[in-house]
Amino acid sequence: MANLLWLQGGACSGNTMSFLNAEEPSVCDLVTDFGINILWHPSLGIELGDQLKQLLHDCISGKTKLDIFVFEGTIVNAPNGTGHWNRFAGRPMKEWVKELCAVADFVVAIGDCATYGGIPAMAPNPSQSEGLQFLKRNHGGFLGKDFKSKAGLPVINIPGCPAHPDWVTQILVAVACGRAGDLTLDQFQRPKTFFQSFTQTGCTRNMHFAYKVSTTEFGQRNGCLYYDLGCRGPMTHSPCNRILWNRQSSKTRAGMPCLGCTEPEFPFFDLAPGTVFKTQTVMGVPKEMPPGMDKMRYIKLTASAKAAAPAWAEEDMFVV
Ligand code: SF4
Ligand code: SF4
């Protein structure tokens, strides 16, 4: 049996909605098949007021063992570092988080806000938001870069806006079943099993990427979204085309560019006008290249790919 406590800071509840839709395994499976005891969750907990405060104090004092502490949303520090803009159970949420992280065997941050600050931490960041162990790319965040939970691991980051439900439940199962040692984390503390490959891995538009055939409208089933519509699939670490959403599809399969939501910089360019759904270019060449590709090689490759593209590459093969 592993006790799990889930709290929410500066959040839209999107990751909770995602979590409750998990299928492999589902939230019910966590409880019935994998021995996870959900002590409290904002949408599932039944304790209120003094009962909830008691539950939290029991975790902090050690009376109730806290195996897994899950946090969704940013740490809100405003105003002036006090955290009073986000009060919970009678005190600033960040004070609960600090004390709970100190006693938890494992700390898991779910979604961009909890991992890296996400949308609330966009400039000018009026809520003084930060992630548990990062602020965007900067290591440190609320807990500091040297933080390790009692089991000796840093915060396990499962980013995304929201995170895919099965990324969340599968990592919770690994931790609850004593397999946390099998997790290897990348430099942004994301489990490599999910975040080593790219959104582009498994994208149905890869041949159009290779032949430089561009999608020009949202929802169009032909072409690749990288050349005009700002797809970040080649630069984004996610398994969105390997572990499909609703077991059915992904953004790029549906004709919507990947926004790079699993990367610490999300939302890129702080959503400045003209930067969303639009490839940023210099003299027609995308400013951001797939990792490992240099601009000169890219120009040569795409010129010859375009010239070599077969006629069918420009046709809409999905209409019949
Ligand atoms: S649509 Fe995006 S993810 Fe798919 S092949 Fe093009 S650039 Fe890659
Ligand atoms: S396709 Fe891109 S923006 Fe969409 S969920 Fe996956 S990583 Fe995030």
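Since the model is a prediction, treat every value here as computed from it, not as a measurement.

K.L.:
Quick question: what am I supposed to make of the overall build of the protein chain here?
P.N.:
When helices and strands are tallied, the protein chain shows nine helices and 13 strands. For the protein chain, the C-alpha atoms occupy an extent of roughly 70 × 45 × 30 Å along the three principal directions. Put simply, the protein chain has 320 residues, and 41% of those count as buried. Pairs at least 24 apart in sequence give 68% of the contacts found in the protein chain among residues at least 6 apart.

K.L.:
Quick question: what am I supposed to make of the site of ligand 2 here?
P.N.:
All residues adjacent to ligand 2 are Gly 160, Thr 199, Thr 236, Ser 238, Cys 240, Ser 250, Lys 251, Cys 258, Leu 259, Gly 260, Cys 261 and Thr 262. Among the residues making up the shell around ligand 2, the classes are represented as four nonpolar, seven polar and one charged.

K.L.:
What is the right way to read the sheet that holds strand E7 (residues 106-110) from this model?
P.N.:
Each strand in a sheet pairs with another by means of backbone hydrogen bonds, the pair being arranged parallel or else antiparallel. Strand order in the open sheet formed by five strands is E2-E1-E3-E7-E11, and the pairing between neighbours is parallel. Edge positions in the sheet fall to strand E2 (36-40) and strand E11 (156-158), since each has one partner strand and no second. In this sheet, adjacent strand axes meet at a mean angle of 25 degrees when their direction is disregarded. As paired strands, strand E3 (residues 68-72) and E7 are joined by five bridges and run parallel to one another. From the neighbouring strand, Ile 68 faces E7, where its bridge partner is Phe 106. Along the sheet, helix H6 (residues 165-176) makes contact with strand E1 (2-8), E2, E3, E7 and E11, crossing E11 at roughly 160 degrees.

K.L.:
For this particular structure, what's the right way to read the pairing of E1?
P.N.:
Remember that side chains alternate between the two faces of the sheet whenever the strand is regular. In terms of burial, E1 is a largely internal element, six of the seven residues being buried. Judged from the four bridges that link them, E1 and E2 form a sheet pairing that is parallel. If you follow Ala 2 over to E2, its bridge partner there is Ile 36.

K.L.:
I'm lost on the site of ligand 1 in this one. Help?
P.N.:
In the region of ligand 1, 14 residues are neighbours, and Cys 203, Cys 224, Tyr 226, Cys 231 and Gly 233 sit closest. Here the residues of the shell around ligand 1 are counted per class, giving eight nonpolar, five polar and one charged.

K.L.:
What am I meant to see in the environment of Gly 260 here?
P.N.:
Residue placement: Gly 260 occurs in the loop between helix H8 (206-210) and strand E12 (281-282). Judged by the 22 C-beta atoms lying within 10 Å of it, Gly 260 falls in the buried class. With 146 residues separating them along the chain, Gly 260 and Ala 114 place their C-alpha atoms 16 Å apart. Dropping the residues within four chain positions of it, Gly 260 is found in contact with Arg 232, Met 235, Thr 236, Phe 266 and Phe 268.

K.L.:
How should unusual backbone geometry be read in this particular structure?
P.N.:
Negative phi characterises most residues that are not glycine, and trans characterises most peptide bonds. A cis amide bond links Glu 24 with the next residue in sequence, Pro 25, at an omega value of 0 degrees. Secondary-structure assignment places Pro 25 in the loop between helix H1 (14-20) and helix H2 (27-32). Note the cis peptide between Phe 266 and Pro 267, where omega equals 0 degrees. Residue position: Pro 267 is located in the loop between H8 and E12. With a phi close to 50 degrees, Gln 128 is a non-glycine residue in the positive phi region. Within the secondary structure, Gln 128 sits in the loop between helix H5 (111-116) and strand E8 (129-130). According to the C-beta neighbour criterion, Gln 128 is buried, with 20 such atoms within 10 Å.

K.L.:
Is there a simple way to explain the packing of helix H3 (residues 49-61) against helix H4 (residues 93-103) in this structure?
P.N.:
When two helices pack together, you describe them by how their axes are tilted relative to each other and by the distance separating the axes. It is at 8 Å that the axes of H3 and H4 come closest, and there the two elements cross at 40 degrees. Put simply, H3 runs oblique to H4. Read as a crossing pair, H3 and H4 show a hand that is left-handed. In contact with Leu 56, Cys 59 and Ile 60 of H3, H4 contributes Trp 96, Glu 99, Leu 100 and Val 103. Of the residues in the contact of H3 with H4, the class split is six nonpolar, no polar and one charged.

K.L.:
Is there a simple way to think about H6 in this case?
P.N.:
Spacing of three or four residues puts side chains on the same side of an α-helix, whose turn is 3.6 residues. Between the first and last C-alpha of H6 there are 17 Å, a value that for 12 residues agrees with the 16 Å anticipated at 1.5 Å per step. Across the 12 residues that make up H6, a large majority, nine, are buried.

K.L.:
Even after reading the chapter, I still don't get the domain arrangement of the protein chain, so can you show me in this structure?
P.N.:
Interfaces are often sized by the amount of accessible area the parts lose when they come together. Per the domain assignment, the segments of the protein chain are domain 1 (2-194) and domain 2 (197-320). Placing a centre on the C-alpha atoms of domain 1 and another on those of domain 2 gives a separation of 32 Å. Classifying every residue of the side of domain 1 that touches domain 2 gives nine nonpolar, three polar and six charged.

Conventions we followed
- Residues numbered from 1 in each chain as written.
- Chains lettered and ligands numbered in written order.
- Predicted model: local features only at pLDDT ≥ 70, side-chain atom pairs only at ≥ 80, totals over all residues.
- Helix = DSSP H or I, 4+ residues; strand = E, 2+ residues; numbered from the N terminus.
- Buried ≥ 20, exposed ≤ 12 C-beta atoms within 10 Å, placed from the backbone.
- Contact = placed C-beta atoms within 7 Å.
- Near = placed C-beta within 6 Å.
- Nonpolar A, V, L, I, M, F, W, Y, C, P; charged D, E, K, R; others polar.
- Pairing = 2+ DSSP bridges.
- Axes fitted to C-alpha atoms, helices over the stretch in contact; angles between N-to-C directions.
- Parallel < 35°, antiparallel > 145°, perpendicular 65-115°, else oblique.
- Left-handed = near helix turned anticlockwise from the far one by under 90°.
- Expected span 1.5 Å × (residues − 1).
- Domains from an automatic or database assignment.

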